[in-house]
Amino acid sequence: QVQLLESGGGLVQAGGSLRLSCAASGLIFSSHATGWFRQAPGSEREFVVAIAPISWIRSATHYADSVKGRFTMFRDNGKNTVYLQMNSLQPEDTAVYYCAAGGAEAYDSGNYDYWGQGTQVTVSS
């Protein structure tokens, strides 16, 4: 059974930083496309960033325009954990953040098979 467990959310002031973690059991992150999504109150869930499987010739990561240059996603294959480093946080980044994993095609399609329970990030002004 696949389980994804996020951690690291919390309350931070605008301009601050947080690092989210997502640990997997029953699935090897490096063999799958992995992404972070977020959902603010009253809004649809939105894409944040995705990283391609390690098998891809190019090590591909792509970011939503709203977070490009501020957020960085990286993967620790030894720990089977992915991270989302979030810098220069703004109140509009407030949301529940979800980790997701799926087949390689999910990197382009956004259709992920497995989801974590989410972790709350709140940015105060």
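## Notes on the sheet that holds strand S8 (residues 81-86)
Spatially, four strands are ordered S1-S3-S8-S7 in an open sheet, and the strand pairing comes out antiparallel. The open sheet terminates on both sides in strands that have one partner only, identified here as strand S1 (3-7) and strand S7 (71-76). Neighbouring strand axes in the sheet, compared pairwise and without regard to direction, differ in orientation by 15° on average. Both strand S3 (residues 18-25) and S8 contribute to a ladder of six bridges, which runs antiparallel. Opposite arginine 19, over in S8, you have glutamine 85 as the bridge partner.

## Re the environment of glycine 102
Relative to the assigned elements, glycine 102 resides in strand S9 (residues 95-102). Spatially, the C-alpha atoms of glycine 102 and serine 21 are 17 Å apart, while their sequence positions differ by 81 residues. When sequence neighbours within four positions are dropped, the list of residues in contact with glycine 102 reads His32, Ala33, Tyr112 and Asp113.

## So, the pattern of salt bridges
Tallied over the entire structure, the rule returns four salt bridges. Residues arginine 38 and glutamate 46 are paired through a salt bridge, measuring 2.5 Å at the closest nitrogen-oxygen approach. Residue glutamate 46 is classed as partly exposed on the basis of its relative accessible area of 34%. As a salt-bridge pair, aspartate 65 and lysine 68 come within 3.1 Å of each other at their nearest N and O atoms. The residues aspartate 65 and lysine 68 share a single accessibility class, namely exposed.

## Details of the nonpolar core
As a rule of thumb, nonpolar side chains are buried together in soluble globular proteins. Of all hydrophobic cores here, the largest spans 27 residues; its most connected members are Phe29, Trp36, Leu84, Met86 and Tyr97. Listed by contribution, the elements that provide at least two residues to this core are S3, strand S5 (46-51), S7, S8, S9 and strand S11 (119-124). Among all residues touching leucine 84, those that are not within four sequence positions of it are Leu18, Arg19, Leu20, Trp36, Val48, Val49, Phe71, Thr72, Met73 and Tyr97. Membership of the second largest hydrophobic core comes to nine residues, among which are Ala33, Ala52, Ala100 and Ala106.

Definitions and cut-offs
- Residue positions are given per chain, counted from 1 along the sequence in the order it is written.
- Per-residue local features of the predicted model are confined to residues with pLDDT of at least 70, and side-chain atom pairs are confined, for both listing and counting, to 80 or more; whole-chain, interface and lining totals are unaffected and use all residues.
- Calculation of side-chain values draws on the structure's entire complement of heavy atoms; hydrogens and water are dropped beforehand.
- We call two strands paired when DSSP finds no fewer than two bridges between them.
- By definition, any uninterrupted DSSP run of H or I lasting at least four residues is a helix, any uninterrupted run of E lasting at least two residues is a strand, and each is numbered from the N terminus.
- Between N-to-C directions, angles span 0 to 180 degrees; the directions come from axes that are lines fitted to C-alpha atoms, helices contributing only their stretch in contact.
- Residues are treated as being in contact if the distance between any of their heavy atoms lies within 4.5 Å.
- For this analysis, a salt bridge means a side-chain nitrogen from Lys or Arg found within 4 Å of a carboxyl oxygen belonging to Asp or Glu.
- Throughout, exposure labels follow a simple rule: accessible area from a 1.4 Å probe, protein chains only, divided by the maximum for the residue type, with under 20% read as buried, over 50% as exposed, and the rest as partly exposed.
- What makes a nonpolar core is a set of buried Ala, Val, Leu, Ile, Met, Phe, Trp, Tyr and Cys residues whose side-chain atoms join them at distances within 4.5 Å.

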